[in-house]
Amino acid sequence: MSLLDASGLSVTYAGAPAPALAGIGFSLEEGERLAVIGESGSGKTTLARAVAGLLPPAARADGTILWRAKDTPALPGKDIGYVFQDPSASLDPVVAVGRQIAEVVRTHDGCGWPESMARAAELLDRVRLPDPAAMVHAWPHQLSGGQKQRVAIAAAIAARPALLIADEATSALDTIVQAEIVTLIRSIVDEERMALIFVTHDIALAAHLAERIIVLKNGRLIETGPAAQIVGAPADPYTRMLVEASADVASLVEGGSAREEASR
Ligand SMILES: Nc1ncnc2c1ncn2[C@@H]1O[C@H](COP(=O)(O)OP(=O)(O)O)[C@@H](O)[C@H]1O
Ligand SMILES: [Mg+2]
């Protein structure tokens, strides 16, 4: 049984001349790592949000998304954790970071505050932030962009979701930090056996992290297949162009664990 099955997925935003997503179908197995790639505006975020049930009210969606072969949608936050591109936008600036994570634990696991706060500290340690006991009291503005993204990841995995979606979660960060965060995401989904949908415009990064790649262009699925095949022998000229345009972050991810440890 697949974790997720999407078919005929189309999304049109109110007033838009063309659909942002047109007839996309794919499935995702438990623990599978999938990357969604394409240029800016190709529909990646729309696809990720549709899957997570996080489309804005102005979006009209058609098609079916089955979660564990059932029509009942996955619960955002509980079944699916979502990491956004801009960590500043996903964190509340006036709430200490531990409390923001504890809130997710409390909401979905139903435990009390002391237990939720203890779990928040564990999660801060899990995302390799230094001194978690002190870090729970930190304000978002006291943290670097990379540290904020680590907090956002901690909040996204707080309810132990079966699927983690990272939407350009590293694109706004410096190259080295980007590689560290990718390494962290990889270690988390491996250890927690979470499925991953990694949204990126960087195909080399996609190939490094994912077993399978979906290529989007203008809301359409251009090609899909094993990551090595898509990057090594792209069938479509558009995919070939993405391969040529890809940055060099992926090469930094190798040995990233050591770097991650060194940055603690
Ligand atoms: N909230 C929205 N309202 C109207 N149009 C949108 C909205 N979000 C995205 N779009 C449009 O949908 C298309 C796909 O956007 P998006 O899914 O954000 O692509 P990507 O993440 O690949 O950059 C684009 O043409 C974009 O302008
Ligand atoms: Mg996007």
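Residues numbered from 1 in each chain as written. Chains lettered and ligands numbered in written order. Predicted model: local features only at pLDDT ≥ 70, side-chain atom pairs only at ≥ 80, totals over all residues. Heavy atoms only, no water.

**Some thoughts on the site of ligand 1**
Test applied: Being near a molecule or strand, for a residue, means having at least one of its heavy atoms within 4 Å of it. N or O atoms closer than or at 3.5 Å make up a polar contact, with two conditions inside protein: a donor-capable atom paired with an acceptor-capable one, and, for residues adjacent in sequence, both atoms drawn from side chains. All accessible-area figures derive from a Shrake-Rupley calculation using a 1.4 Å probe, and residue coverage is judged against the displayed protein chains alone. Here a helix means four or more residues in a row that DSSP labels H or I, a strand means two or more in a row labelled E, and each is numbered from the N terminus. Lys, Arg, Asp and Glu make up the charged group, whereas Ala, Val, Leu, Ile, Met, Phe, Trp, Tyr, Cys and Pro make up the nonpolar group; the residues left over, Gly among them, are polar.
Close to ligand 1 lie Y13, A20, E39, S40, G41, S42, G43, K44, T45, T46 and P56, which account for all nearby residues. In this structure, an oxygen atom belonging to ligand 1 sits 3.1 Å away from a main-chain N or O atom of G43. Taking T46, its side chain carries an N or O atom lying 2.5 Å from an oxygen atom of ligand 1. Computed on the free molecule, ligand 1 has an accessible area of 550 Å², of which 57% lies beneath the protein chains in the complex. Sorting elements by how many residues they give to the shell around ligand 1 places helix 1 (residues 44-52) first, with 3 residues. Looking at the shell around ligand 1 residue by residue, the class counts come to 3 nonpolar, 6 polar and 2 charged.

**Comments concerning the nonpolar core**
Where we set the bar: Nonpolar core, defined: a set of buried Ala, Val, Leu, Ile, Met, Phe, Trp, Tyr and Cys residues in which side-chain atoms within 4.5 Å join the residues together. In this scheme, a residue with accessible area under 20% of its type's maximum is buried, one over 50% is exposed, and one in between is partly exposed, where area comes from a 1.4 Å probe on protein chains only. A domain assignment, automatic or from a database, supplies the domain bounds used here. Throughout, a residue-residue contact means that at least one pair of heavy atoms, one from each residue, lies within 4.5 Å.
Ranked by size, the top nonpolar core spans 43 residues in total, and within it I101, L124, V151, I153, L164, I185 and F198 carry the most contacts. Elements with a contribution of two residues or more to this core: helix 3 (97-109), helix 4 (113-126), helix 6 (145-157), strand 6 (163-167), helix 7 (175-192), strand 7 (195-200) and helix 8 (203-209). At 7 residues, helix 7 tops the list of elements feeding residues into this core. Looking at which domains feed residues into this core, each of domain 1 (29-55 + 162-264) and domain 2 (75-161) supplies at least three. Residues within four places of F198 in sequence aside, it is in contact with L34, A35, V36, A166, T170, V182, I185, L205 and L209. Of all hydrophobic cores here, the second largest spans 29 residues; its members include A6, L21, I80 and V199.

**What to know about the domain arrangement of the protein chain**
It is common to give the size of an interface as the accessible area that goes away when the parts come together. The criterion, for reference: The quantity reported as buried area is the accessible area (1.4 Å probe) lost by two parts once they are put together, taken as the sum for both. Salt bridge, as used here, is a side-chain nitrogen of Lys or Arg placed within 4 Å of a carboxyl oxygen of Asp or Glu.
In terms of domain boundaries, the protein chain breaks down into domain 1 (29-55 + 162-264) and domain 2 (75-161). Averaged C-alpha coordinates put domain 1 and domain 2 at centres separated by 22 Å. Across the boundary between the two partners, domain 1 contributes 32 residues, which contact 23 residues of domain 2. Across the domain 1/domain 2 interface, buried area totals approximately 2300 Å², and carbon plus sulfur atoms make up 60% of it. The tally of links from domain 1 across to domain 2 stands at 3 salt bridges. Between R126 and E192 there is a salt bridge whose closest N-O contact spans 3.9 Å. Elements with a minimum of two residues in the side of domain 1 that touches domain 2: helix 1, strand 6, helix 7 and helix 12 (256-262). Considering each element in turn, the side of domain 1 that touches domain 2 owes the most residues, 9 residues, to helix 7. For the side of domain 1 that touches domain 2, the class distribution of residues is 18 nonpolar, 5 polar and 9 charged.

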